[in-house]
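# A look at the structure
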There are 2 protein chains.
Amino acid sequence: MPKPVEWRGDAIRLLDQTRLPLTESFIETTDYRVVADAIRSLAVRGAPLIGITAAYAIALAARNSRETTLAGFRSDINAAIECLRSTRPTAVNLFWSLRRMQHVLERDLDVIALCRALEAEAKAIHTEDEESCRRIGEAGSALVPPVATIITHCNTGALATGGEGTAQSVIVTAVGQGKRVRVFADETRPLLQGARLTAWELKSLGIDVTLMTDSMAAWVMKNEHVDLVVVGADRIAANGDAANKIGTYGLAVQAHYHGIPFYVVAPVSTIDPELASGDLIPIEERNPAEVTHAGGIRIAPENVRAIAPAFDVTPSALITGIITDEGVYRPPFDFKQIHRSRR
Amino acid sequence: MPKPVEWRGDAIRLLDQTRLPLTESFIETTDYRVVADAIRSLAVRGAPLIGITAAYAIALAARNSRETTLAGFRSDINAAIECLRSTRPTAVNLFWSLRRMQHVLERDLDVIALCRALEAEAKAIHTEDEESCRRIGEAGSALVPPVATIITHCNTGALATGGEGTAQSVIVTAVGQGKRVRVFADETRPLLQGARLTAWELKSLGIDVTLMTDSMAAWVMKNEHVDLVVVGADRIAANGDAANKIGTYGLAVQAHYHGIPFYVVAPVSTIDPELASGDLIPIEERNPAEVTHAGGIRIAPENVRAIAPAFDVTPSALITGIITDEGVYRPPFDFKQIHRSRR
């Protein structure tokens, strides 16, 4: 399985996930603007991976800045941070990661030392996420019965993170513990991350996976014994409302109707304690062409209007638990103080 | 708008709906087996239209039979009926229509007269469906408020019936009455009848339509003021449980959660009083390639397992009303005597 992001010291190599699983191609660049484009085009996607990649982009910007004065250098890097910040509005990991880079930038060091410190911070964000995935897997796998049927949505695996994944790490860890797990993966229209990425990753890992359209999930819940649903998150508000890939909310409604536990899985860095509720999470509206096309082919008539919200918000009332790298949170959720207590 | 089926006296012309909206191509044939293939491949689809087309196929079989004895002729036509009956298992209109043709075949007439009677019966089934769509539109449009937002699934329009459609006839009739109607159309994976056919038909009719993926419906219900959901049906059991295109059940669960009226729309010929409940409706499982591909393009890795149920069953508890050509039925539904009272 190719790595979705690889730091090469003087460049970054990104797997172009838009072309998976049919083509494995890479973007290798020293230019942070190319990295920003890769995030915008979804060549790099998955909330934690976006955070990691953006941090490396800042390390690249630092390495390539020609400014020798501290003020000039900081201004260069701040411009790069602004550029990355504007790529995608919903996932909070991006902003969290850029804020960490900005804190480093403010340290009382010379330009050379700041360059080194920024690179070290990006690597730390990457390594911490890998460890975070491991802890998420441990916490979440405890909730998986010895024989389990699990529904998942979108892609939350190694391609979305710095490690084994978030929701997918729960599955992979449970299988590693000898549990017999069967997964139904939503294809996840419009961009088909479930069909293209999750089915591919789980199959490569030898895990029992069955692909279905998003519209089949309720029927599978009715007819199969589904033990739990696990999904990722792009931003979690202080009250536990969780933004995730479009379709998650409908899936949560269906799980609720069938009495099936519904878990949101994410590192605590995905929690945004400053937002009181999910209503305040900005939802990215993407190009309607993503809906009028599938797999690059036009499927709808010309000039038909379409909507393309990239995410939806699942209210905390529909969430059984939030599985994080700091354990499983249960309702009522209150994350207002979460980062304050950690740092 | 091209006609989905046209009787030409000695042949039938079928619009190949699998190639819409990008290509308008037709299958013109005198061979009932070609018609059976067209039904199997979904070139012809939509429960009422399948019934009409199968009836014409029997008229073709009658015209082309070389048997001059009554027994030989009846045996030929019965073979054709068997061939058509095996094309698709779920929609009851097919069986209902073939039963009507079989009753004609049993009349005490000579071969020539039987040929004429079979053709007349097929035409009658076609004409009756057109009238049935009109009455459905009248009954259903009374439930549409003057300014309305409607969600629909799959295709239930002129391409699915002998007239203006079933669920779509409700929309078209309401608009014809001067109501201001806005439609959100589910794309309806896997075969995208919503994107390909409904969006195309509604746009051609000048009706305000917005395309969305199936996974967006719940989010639209939460954020827009959705007044009602209208869907078609392929078979309705005596207790009101309704089989329809996969995704209908999940949509009904979501409408229920949001308190939005959910109407099933179909001619009474779609009601199968012999089935006590929806659990007894046979659900066609189609080729998994329909799920691993979209718009003819492979979207999932090779050798990934997929499921492809063509239909699901919405329990009557989730159905606000069943809009038919004989008026609107409200729960509790009891259709055990429905055809007995009509004939």
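Residues numbered from 1 in each chain as written. Chains lettered and ligands numbered in written order. Predicted model: local features only at pLDDT ≥ 70, side-chain atom pairs only at ≥ 80, totals over all residues. Heavy atoms only, no water.

## As for the relation of the copies chain A and chain B
Mapping chain A onto chain B calls for a screw motion: a turn of 180 degrees about the axis and a shift of 0.0 Å along it, with 0.0 Å RMSD after fitting. The operation mapping one copy onto its partner corresponds to a two-fold rotation axis. Closest approach to the rotation axis within chain A is made by the C-alpha atom of Ala294 of chain A, at a distance of 3.1 Å. Most of the interface of chain A is mirrored in chain B, where 100% of its interface residues are also at the interface. (Least-squares fit on C-alpha atoms with pLDDT ≥ 70 in both. Contact = heavy atoms within 4.5 Å.)

## Structural notes on the interface of chain A and chain B
At the interface, 57 residues of chain A touch 57 residues of chain B. Regarding the contact of chain A and chain B, the summed buried area is about 4600 Å², with carbon and sulfur atoms giving 71% of it. Viewed at the interface, chain B and chain A are joined by 4 salt bridges. Residues Arg189 of chain A and Glu187 of chain B are paired through a salt bridge, measuring 2.6 Å at the closest nitrogen-oxygen approach. Applying the counting rule to chain A against chain B returns 17 residue pairs in polar contact (both at pLDDT 80 or more). Counting residues per element, the side of chain A that touches chain B draws most heavily on helix H9 (residues 248-258) of chain A, at 7 residues. Broken down by class, the residue content of the side of chain A that touches chain B amounts to 34 nonpolar, 11 polar and 12 charged. Of the strand pairs in this sheet, strand S6 (residues 208-212) of chain A and strand S14 (residues 305-306) of chain B are connected by 2 bridges, and their pairing is parallel. Within S14 of chain B, the position partnered with Thr210 of chain A by the bridge is Arg305 of chain B. (Buried area = accessible area lost by both parts, 1.4 Å probe. Salt bridge = Lys/Arg side-chain N within 4 Å of Asp/Glu carboxyl O. Polar contact = N/O pair within 3.5 Å; in protein donor to acceptor, adjacent residues only side chain to side chain. Helix = DSSP H or I, 4+ residues; strand = E, 2+ residues; numbered from the N terminus. Nonpolar A, V, L, I, M, F, W, Y, C, P; charged D, E, K, R; others polar. Pairing = 2+ DSSP bridges.)

## A short note on the sheet that holds strand S14 (residues 305-306) of chain A
The sheet built from 8 strands is open, its strands ordered S14(A)-S6(B)-S5(B)-S4(B)-S7(B)-S10(B)-S16(B)-S17(B) with mixed pairing. Each edge of the open sheet is held by one strand with a lone partner, namely S14 of chain A together with strand S17 (327-329) of chain B. Contacting strand S4 (147-152), strand S5 (180-186) and strand S6 (208-212) of chain B, helix H7 (residues 193-204) of chain B runs over the sheet at an angle of about 165 degrees to S6 of chain B. (Axes fitted to C-alpha atoms, helices over the stretch in contact; angles between N-to-C directions.)

## Comments concerning the pattern of salt bridges
For the structure on display, the rule yields 44 salt bridges over all chains. A salt bridge links Glu119 of chain B to Arg63 of chain B, with the shortest nitrogen-to-oxygen separation between them at 3.9 Å. Of this pair, Glu119 of chain B sits in helix H5 (residues 111-141) while Arg63 of chain B sits in helix H2 (residues 47-64), placing them 56 residues apart in sequence. Look at Glu119 of chain B and you get buried, because its relative accessible area is 18%. Look at Arg63 of chain B and you get partly exposed, because its relative accessible area is 42%. Salt-bridge contacts for Lys336 of chain B lead to Asp334 of chain B; the nearest nitrogen and oxygen are separated by 3.2 Å. When its relative accessible area of 51% is taken as the criterion, Lys336 of chain B is described as exposed. Each of Glu6, Arg8, Arg13 and Glu28 of chain A takes part in salt bridges that share partners, so that together they form one network. (Buried < 20%, exposed > 50% of the residue type's maximum accessible area, 1.4 Å probe, protein only.)

## Let's talk about the packing of aromatic side chains
Scanning all chains against the criterion turns up 8 aromatic pairs over all chains. Plain terms: the ring middles of Trp7 of chain A and Tyr56 of chain A are 5.0 Å apart, the flat faces sit at 5 degrees to each other, and that makes the pair stacked. One end of the pair, Trp7 of chain A, is in strand S1 (residues 5-7); the other, Tyr56 of chain A, is in helix H2 (residues 47-64), with 49 residues separating them in the sequence. A residue is classified by how much of its surface remains accessible, and Tyr56 of chain A, at 3% relative accessible area, is buried. Their ring planes at 85 degrees and their centres at 5.0 Å tell us that Tyr329 of chain B and Phe335 of chain B sit as a pair that is edge-to-face. Residue Tyr329 of chain B is classed as partly exposed on the basis of its relative accessible area, which comes to 25%. Members of the aromatic cluster, connected to one another through ring pairs, are Tyr329, Phe333 and Phe335 of chain A. Positioned above the aromatic ring of Tyr32 of chain A, the side-chain terminus of Arg33 of chain A is 5.1 Å from the ring centre. (Phe/Tyr/Trp six-rings, centres within 6.5 Å; stacked < 30°, edge-to-face > 60°. Lys NZ or Arg CZ within 6 Å of the ring centre and 35° of its normal.)

## As for the sheet that holds strand S2 (residues 12-15) of chain A
Residue and element names in this part refer to chain A. A sheet is described by the order of its strands in space; here 3 strands give the open sequence S1-S2-S3, paired in antiparallel fashion. The open sheet has two edge strands, S1 and strand S3 (26-29), and neither has a second partner. Ignoring which end each strand starts from, the neighbouring axes of this sheet average 15 degrees apart. Where S2 and S3 come together, 4 bridges link them in antiparallel fashion. If you follow Leu14 over to S3, its bridge partner there is Ile27.

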